[in-house]
Amino acid sequence: MVRHEAAAIREQWLGRALSTRPTDRPAAEAAISGLYRLIGLSPPRFHWVASPAAALETMPPGAAHSETVQRLDAWPVPTRLRALRAELCAGVDLRIERERQPVVQELHRLLWLPLGRSIDACLLPALNPRTGRWYEAQSVSWIAHYDALRRVAGVSFTAAQLRVLALWARAAASCHWWWPRQHVCVVSERPVALHTEEGGARLHNPDGPALRYADGWRIHALHGTRVPGWVLTDPTPERIAGEPNVEVRRSAIERLGWSAYVELAGLRLVASAPDPGNPGFELRLYDTGGSSRVLLAVNGSLERDGSRRQYGLTVPPYLGDPVAAAGWTYGLSADQYSRLLRRT
């Protein structure tokens, strides 16, 4: 019962966090103004921008010169709002009875942790710097958790606590990221397109930008790896060879296809052998002409579409046996790897 209700709340809040619907400006401004009032400040002027990139480049009129995005966690208003959130969480936590701890821990595992991972993977890439206590305060992960404590675990909230939680929740459900200064608050519109893998866990779009805003700012990503646009449109061996990031290189090769890459890049086959850890499939070891070799293997488990993914692993140049190379990737000897029943 708890698992089912938690899953429903998780999907509800994930949908709000990753929404591409137009922001509800009146609701967002009302919620943020309410939070300002709770920390003893008058509602700010609102400065709306099309994307987080635009927000991070904006110094709105009336902002203090010390309130640059590089010093975001030291701004007075975010500091006071974080304290308001901390007071809410601490007060509710004190009301949780000892016998409810198993339910609370289960909700933390089912809600807070997976939602936090999704937000980190899908929305933080639009920010620079990407980390900060203020962004943690805006994450729906903690809001969903305390929402579930009330709705699923039956934890009682005071009227004041409900008011604070409702304001945070309304802001999170109405707009995208926001940056509160004393007299002005910069708020970003939501993206106009956001593509993820199934379940919303990681950014992914093989056909174009995975995250795109109305002002044209965009991110390309494959299976959660942020990549330059050429990885999707023109992944040539020359560009791959010149790419310093190993994850981007891997994504580009997989986009091109390992078989095509091996041929176009002129990799020399060192040796091949049946894969003891994946019966019916072959291990192929290639010399790259550099300081490493590439072991080409087939995934031991099926993809969601029923296919098996071919992938390459970088191994030391002194390895000449594909089985020994496969064992090396697991920290095993060739003999130990040969005795595996089946790898995943």
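The structure under discussion appears in the preceding block.
All figures in this text were calculated on a predicted structure; none of them were measured in a lab.

The rules behind each value
- Residues numbered from 1 in each chain as written.
- Predicted model: local features only at pLDDT ≥ 70, side-chain atom pairs only at ≥ 80, totals over all residues.
- Heavy atoms only, no water.
- Buried < 20%, exposed > 50% of the residue type's maximum accessible area, 1.4 Å probe, protein only.
- Helix = DSSP H or I, 4+ residues; strand = E, 2+ residues; numbered from the N terminus.
- Arc of directions from axis to C-beta.
- Contact = heavy atoms within 4.5 Å.
- Axes fitted to C-alpha atoms, helices over the stretch in contact; angles between N-to-C directions.
- Parallel < 35°, antiparallel > 145°, perpendicular 65-115°, else oblique.
- Left-handed = near helix turned anticlockwise from the far one by under 90°.
- Nonpolar A, V, L, I, M, F, W, Y, C, P; charged D, E, K, R; others polar.
- Pairing = 2+ DSSP bridges.

> Got a sec to walk through helix H12 (residues 258-265)? Specific residues and values, please.
Along H12, the positions that sit buried rather than exposed are Trp258, Tyr261 and Val262. When H12 is viewed along its axis, its buried side chains cluster within an angular range of 100 degrees and face the same direction. What points out from H12, more than 90 degrees from its buried face, is the exposed set Ser259, Glu263 and Leu264. Elements that come into contact with the buried residues of H12 comprise helix H10 (237-242), helix H11 (246-256), strand E9 (282-287), strand E10 (293-298) and strand E11 (310-315). At the exit of H12 stands Gly266, carrying a positive phi of roughly 70 degrees.

> Describe the packing of helix H4 (residues 76-95) against helix H8 (residues 159-174), naming the residues involved and giving the relevant values.
At their nearest, the axes of H4 and H8 sit 10 Å apart, and the two run at 130 degrees to each other. As far as their axial angle goes, H8 and H4 are oblique. Handedness of the H4/H8 crossing: left-handed. Of the residues in H8, those in contact with Leu81, Leu84, Arg85, Leu88, Gly91, Val92 and Arg95 of H4 are Gln161, Val164, Leu165 and Trp168. Split into classes, the residues belonging to the contact of H4 with H8 amount to 7 nonpolar, 2 polar and 2 charged.

> Tell me what's going on with the pairing of E9, and back it up with residues and numbers.
One ladder, built from 6 bridges, connects strand E8 (residues 268-274) with E9; its direction is antiparallel. Following the sheet pairing, Leu269 is matched in E9 by Tyr286. In terms of strand pairing, E9 meets E10 through 4 bridges, oriented antiparallel. Of the residues in E10, the one forming a bridge with Leu285 is Leu295. Between the antiparallel neighbours E9 and E10 lie 5 residues, among them Gly289 with a positive phi of about 80 degrees.

> Tell me about the sheet that holds E9, and name the residues and values.
Strand order in this open sheet of 4 strands is E8-E9-E10-E11, and the pairing throughout is antiparallel. Edge positions in the open sheet fall to E8 and E11, since each of these has one partner strand only. Neighbour-to-neighbour, the strand axes of the sheet open up by a mean angle of 20 degrees, direction not taken into account. Docked against the sheet, H12 engages E9, E10 and E11, running at close to 50 degrees with respect to E11.

> Please provide a residue-by-residue account of unusual backbone geometry, values included.
Positioned with a positive phi, His223 is a non-glycine residue whose angle comes to about 50 degrees. One can find His223 in the loop between strand E6 (218-222) and strand E7 (225-227). Under the relative-accessibility criterion, His223 is labelled partly exposed at 38%.

Functional significance is not addressed by these values, which are geometric in nature.
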